[in-house]
Each structure stands twice: as C-alpha cells, then as structure tokens.
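Here are the chains, one letter per residue:
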Amino acid sequence: MPSASYSNTTLNADTELRKRCTRWLNGHRPPLSIRESLLALAELPEAELPLDVYGQGQAIQALEAEVAALLGKPAARFMHKGVAAQLAALRVHCGEGDGPVALHPQSHIAIDEAEAFEKLLGLRGLRIGMTDEPFGTAQLASLPGQPAVVVVELPLRRAGYRLPEWDELMAISAWCRAAGVPLHFDGARLWEASAHYGRPLAEIAALADSVYVSFYKGLGGLAGCVLAGSEDFIAQIAPWQTRLAGNLFTVHPYVLSALHGLRTQLPRMPAYRERAQALAALLVAEPGWRVAPEKPQVNAFQLHLPVAPEVLREGLLEVARRDGFWLGARTVASHVLAGGAMVEVVIGDAADSWTDHEALAALRRAVLSAQAGR
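As the structure is a computational prediction, the values presented were derived from the model and not from experiment.

Definitions and limits used
Residues numbered from 1 in each chain as written. Predicted model: local features only at pLDDT ≥ 70, side-chain atom pairs only at ≥ 80, totals over all residues. Heavy atoms only, no water. Phe/Tyr/Trp six-rings, centres within 6.5 Å; stacked < 30°, edge-to-face > 60°. Helix = DSSP H or I, 4+ residues; strand = E, 2+ residues; numbered from the N terminus. Buried < 20%, exposed > 50% of the residue type's maximum accessible area, 1.4 Å probe, protein only. Pairing = 2+ DSSP bridges. Axes fitted to C-alpha atoms, helices over the stretch in contact; angles between N-to-C directions. Lys, Arg positive; Asp, Glu negative; His and termini not counted. Salt bridge = Lys/Arg side-chain N within 4 Å of Asp/Glu carboxyl O. Contact = heavy atoms within 4.5 Å. Patch = residues over 30% accessible without salt bridge, like charges linked within 9 Å, V, L, I, M, F, W, Y side chains within 5 Å. Areas by Shrake-Rupley, 256 points an atom, 1.4 Å probe, with all protein chains shown as cover. Left-handed = near helix turned anticlockwise from the far one by under 90°. Nonpolar A, V, L, I, M, F, W, Y, C, P; charged D, E, K, R; others polar.

A. Structural detail: the packing of aromatic side chains. Throughout the structure, instances matching the rule amount to five aromatic pairs. Seen from their ring centres, Phe-325 and Trp-354 are 6.3 Å apart, and the 40° between their planes marks the pair as tilted. Linking Phe-325 in strand 11 (residues 325-326) with Trp-354 in the loop between strand 13 (341-346) and helix 14 (356-373), this pair joins segments that are 29 residues apart in sequence. Assessed through its relative accessible area of 0%, Phe-325 is described here as buried. With relative accessibility at 3%, the residue Trp-354 sits in the buried group. One aromatic cluster is present, built from ring pairs that chain together Phe-78, Trp-191 and Phe-215.

Right under this line is the structure:
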C-alpha cells in the first residue's frame, strides 16, 4: 500500500523511472504497459470462455474450485478485494455480536485495512502479542474474556514476514476448538508460508475454520482473493459481499491473472524462499546492516540500513537513474537501527535477471549515495 506521504506526482514519477529500468529487486517482473499485461492474459486458454457476470461463470467457478481443493476446504468464493473479504469473514464469525476479534497489533487487518472491522462494522478488537513476534496460546490464555474469533496472519508481514512455529500454530488451533472459537487465517501470503512449514497448503489450512488467500502478492495477479471454508460459511459470506460492494459486474481479468499465477508462481515458492535466504546471508554480513528475521522464513524479509529514510530513498532512486536497477522507493524509519531506515526485500521472478552479488553491490551504491548526500 503506498505511503500517504507520497503525492500522486511523486508516485507517477517513481512509476516512470521504474518502467525505464531493466532490473528490479522486488517481486515479479512488472508489465511495462497496460497493453502488455492484457495481451498476456489474452493468451491463456480460459480467455476463450464467456465473461463472468456477478460472480457466475465457468472461469471464476473453476478458480474457486481449484483454490478450495488446494486448501482442502469444501467451498470458496472469489472477491475483488481482501479488505471486503476479511470484513465479511469477521462479520460472519461474530454473528450478531460485536466480537471481540483477537488479532496481532501489527496485523494487516489492524494497520493496512485502517481498522475497518472496528470503524465500519463496529466490532471490537483485542490486540495481543509482542512487537515482531507472532502470538501464541500463552497470550490467548491471558485474554480478559473469550474472543468471538481469533485471527492469525501467516506470515505476519509487518513483523518481518514471521511465522509461528508449527507446534504453536497447532496449539492455537487446538485452543480455539476447545474453546469453541472460530480461527481465521489471514493468508494473504499463505502460498509463501507453505515452503517454510514443509507441508501442503491443505494441511496448514485444516487448522483454521476459514482462510483468506490473495492473488496479487506472491502470485503476481492483478487483484482479487478467495475466502475458503465450510459450505455454510461461504453461503453466509455471499450477502456480505454485496453489502460491502464486493460483487462486481465482471472480474474476468482478475480471474485470468489468478489462474496464471497459480500455474507459474506457486510452484516456484520454495525456490524464492531459498533465494531470499541466500541474499539475506550476504546482506547481513555488511557492517551496520541488519536483516529481520536474520534467516528469512519465507521469500521476504526486512533490511535495516544505517541511513535516514528520506536520504536512503534518494540513494535508491539514484541507482535506478544511473544503473537501471530498481531497488524500490518506499523507505520507513527503522525500529531496529536508531536513525536508520527499513526497506522490504521480496523475492519473485524479477530476481531471475540479477545475481545476489549484483543486488548487494547495487544496495551498497544506494547507501553510499545516501551517505554522501545527507
């Protein structure tokens, strides 16, 4: 999500510079135009199918069935936006009550969705857990009352893409079931988490009553997501999808890009994770640099650098202008290094165009440029 401190002019300038680059550090190789993106989708076999209308169509039902099977759930429903999907899930789990919803204070639902579950739905949040640590059963047991639903984000992005250990995740599931409390997985990056656990997606998803997965992050889709769970749960989601303005007239470009991502990016997740770990090992050896977690659990991690965010941003942009290597432009204050900056590193197929040592050299140049200009 773009920082509110960036104006549209700045974002447009960043986009133009990124487009002129030939290598990109993060994510997947970006289409350089709308035309390129749409032409690629038009080549998929499902592009010959009729357009979906208000959630009904061969392609969208095929996608829902495929994801339900991958997650081992009886039913699944496509939605255009994760905020609407997770609001619907929390509302259904809370029934007619106001919660409470137990979730981590660094969770996507609490921060990136701007507390919509409280502001729009009137639900109450119980924020549990320490900074940069997933919560466990000890924190659940110490709650002042029983929650209506427990949310676990897998992985916890703002904590450095950290995951609870498998035994702890099973314990959370057992605690919820013993207490009769629904467990919801915010699995925006669940595709990436499977490689860390070394377990099939269905085995992980079996621990939860409902699961949300995204298509536009690790899978590189245009947008969209799926909620999966029991048939009754998904049936109750349907009216909330409409109430939350989530039942679009047609979503066929999103569906096509999701199917493409499942075929091309999902099989590469273990390799992306290994690449992230190798790159992180190089970066953490640099004097004054920090990686969190020091050994990434998934294909992404935080990189903390000993320069202020605003000057680091200029250093990153200078490398893009001079070398055609896009290292990113979003920098925030580090909570690990006093006066330093943090950037995220996310490995996708864009990494096919550079070596780890080339990425290290480019980041060194950005830091040196930032230090010279401050």
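This is not the end of the story, as more comes after the structure.
B. Summary view of the pairing of strand 2 (residues 75-79). With respect to burial, strand 2 is a largely interior element, five of its five residues being buried. Burial of the side chains of strand 2 extends over both faces: Ala-75, Arg-77 and Met-79 are buried on one face and Ala-76 and Phe-78 on the other. With five bridges joining them, strand 2 and strand 8 (residues 225-229) adopt antiparallel strand pairing. Bridge pairing in strand 8 links Arg-77 to Leu-227.

C. Up close: the sheet that holds strand 2. Judged by pairing direction, the sheet is mixed, and its seven strands sit side by side in the order 2-8-7-6-5-3-4 without closing on themselves. Across the chains shown, the open sheet's two edge strands, defined by having one partner strand only, are strand 2 and strand 4 (125-127). If you compare each strand with its neighbour and ignore which way they point, the axes differ by 20° on average.

D. Examining the side chain of Glu-192 more closely. Along the polypeptide, Glu-192 turns up in helix 8 (residues 190-197). Arg-189 provides the closest opposite charge to the buried, unpaired Glu-192, separated from it by 4.9 Å. Ignoring anything within four residues of it in the chain, the contact list for Glu-192 reads Gly-218, Met-269, Val-298 and Asn-299.

E. Spotlight on a nonpolar patch on the surface. Taken together, the side chains of Val-53, Tyr-54 and Phe-249 define a hydrophobic patch exposed on the protein surface, amounting to about 310 Å² of accessible area. Looking at the element boundaries, Val-53 is found in the loop between helix 2 (34-42) and helix 3 (58-71). Of the residues examined, Val-53 reaches a relative accessible area of 37% and is grouped as partly exposed.

F. Expanded view of helix 10 (residues 231-243). Inspection of helix 10 places Phe-233, Ile-234, Ile-237 and Gln-241 among the buried residues, and these make up the whole buried set. Looking at the buried positions of helix 10, the neighbouring elements they touch are strand 2, helix 4 (82-94), strand 7 (210-214) and strand 8. Note on helix 10: the residue one or two positions beyond its end, Ala-245, has a positive phi of about 60°.

G. Spatial organisation of the packing of helix 3 against helix 11 (residues 252-264). Following both chains from N to C, one finds helix 3 and helix 11 inclined at 35°, their axes separated by 10 Å at the closest point. Relative to helix 11, helix 3 is oriented so that their crossing is left-handed. Only Val-255, Ala-258, Leu-259 and Leu-262 of helix 11 make contact with helix 3, whose side of the interface consists of Ala-59, Ile-60, Leu-63, Glu-66, Val-67 and Leu-70. In terms of residue class, the contact of helix 3 with helix 11 is built from nine nonpolar, no polar and one charged.

All quantities given are derived from atomic positions and should not be read as evidence of function.
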